[in-house]
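What follows is each chain in one-letter form.
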Amino acid sequence: VQLVESGGGLVQPGGSLRLSCAASGFTFSTYAMRWYRQAPGKERELVAGISSAGSSTNYADSVKGRFTISRDNTKNTVFLQMNSLKPEDTAVYYCNGNYVYGFKNYWGQGTQVTVSL
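First, a word on scope: everything that follows refers to the structure included in this document. (Residues numbered from 1 in each chain as written. Predicted model: local features only at pLDDT ≥ 70, side-chain atom pairs only at ≥ 80, totals over all residues. Heavy atoms only, no water.)

Right, let's get into the state of the cysteines. Structurally, a disulfide amounts to a covalent bond that connects the sulfur atoms of two cysteines. On inspection of all chains with the given rule, the structure shows one disulfide. Shown here is the disulfide that connects Cys21 with Cys95, its sulfur atoms set 2.1 Å apart. One quick way to see it: the torsion about the S-S bond of Cys21 and Cys95 is about -80 degrees, and its sign makes the bridge left-handed. With Cys21 in strand β3 (residues 17-24) and Cys95 in strand β9 (residues 91-99), the pair connects residues that are 74 residues apart, well separated along the chain. (Disulfide = S-S within 2.5 Å. Helix = DSSP H or I, 4+ residues; strand = E, 2+ residues; numbered from the N terminus.)

On to the sheet that holds strand β1 (residues 2-6). The sheet built from four strands is open, its strands ordered β1-β3-β8-β7 with antiparallel pairing. Whereas interior strands pair on both sides, the edge strands pair on one side only; in this sheet they are β1 and β7 (67-72). For this sheet, the mean angle separating the axes of adjacent strands, direction not counted, is 15 degrees. (Pairing = 2+ DSSP bridges. Axes fitted to C-alpha atoms, helices over the stretch in contact; angles between N-to-C directions.)

Let us look at the environment of Gly108. Counting through the fold element by element, Gly108 comes out in the loop between β10 (105-107) and β11 (111-115). The class for Gly108 is buried, based on a relative accessible area of 11%. Expressed as a C-alpha distance, the spacing of Gly108 and Gln2, which sit 106 residues apart in the sequence, is 7.0 Å. Once residues within four sequence positions are removed from consideration, Gly108 is found in contact with Leu3, Glu5, Tyr94 and Cys95. (Buried < 20%, exposed > 50% of the residue type's maximum accessible area, 1.4 Å probe, protein only. Contact = heavy atoms within 4.5 Å.)

Given two aromatic rings, one states the distance between the centres and the angle between the planes to describe the pair. For the structure on display, the rule yields eight aromatic pairs. Relative to Trp107, the ring of Tyr94 lies with its centre 6.5 Å away and its plane at 80 degrees, an arrangement referred to as edge-to-face. Of this pair, Tyr94 sits in strand β9 while Trp107 sits in strand β10; the two residues are 13 residues apart in sequence, bridging distant segments of the chain. The buried category is assigned to Tyr94, whose relative accessible area is 14%. By the ring-pair criterion, three or more aromatic residues cluster together here, those being Phe26, Phe28, Tyr31, Tyr99, Tyr101 and Tyr106. Lying across the ring of Tyr94, Arg44 places its NZ or CZ 3.8 Å from the centre. Directly above the ring of Phe28 sits Arg71, whose terminal nitrogen or CZ lies 4.3 Å from the centroid. (Phe/Tyr/Trp six-rings, centres within 6.5 Å; stacked < 30°, edge-to-face > 60°. Lys NZ or Arg CZ within 6 Å of the ring centre and 35° of its normal.)

Below, the structure written as structure tokens:
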């Protein structure tokens, strides 16, 4: 089982990044997917989630209207489009998969996002 994030990097305030998380080793379409983030010295927090079929999404208040989560079940990939980035969005972003019929839960290794001049 693997979740591999990519797309992080350094961006200026107001810029955009698109994170990807490629899944393998499990039936992707039976997993709700989420993006979390953890800033230095802070607890990991939920950023956005999407249902297994992609029909339902939810967002943290801090990113509503700026971030969009989506998924492509044909490519076993979940995305996080991040626009209007702020310095406070700086964190390691993690992909998470949660089995909708049981208790299996998987994490990626994380990708660093830094928003700075």
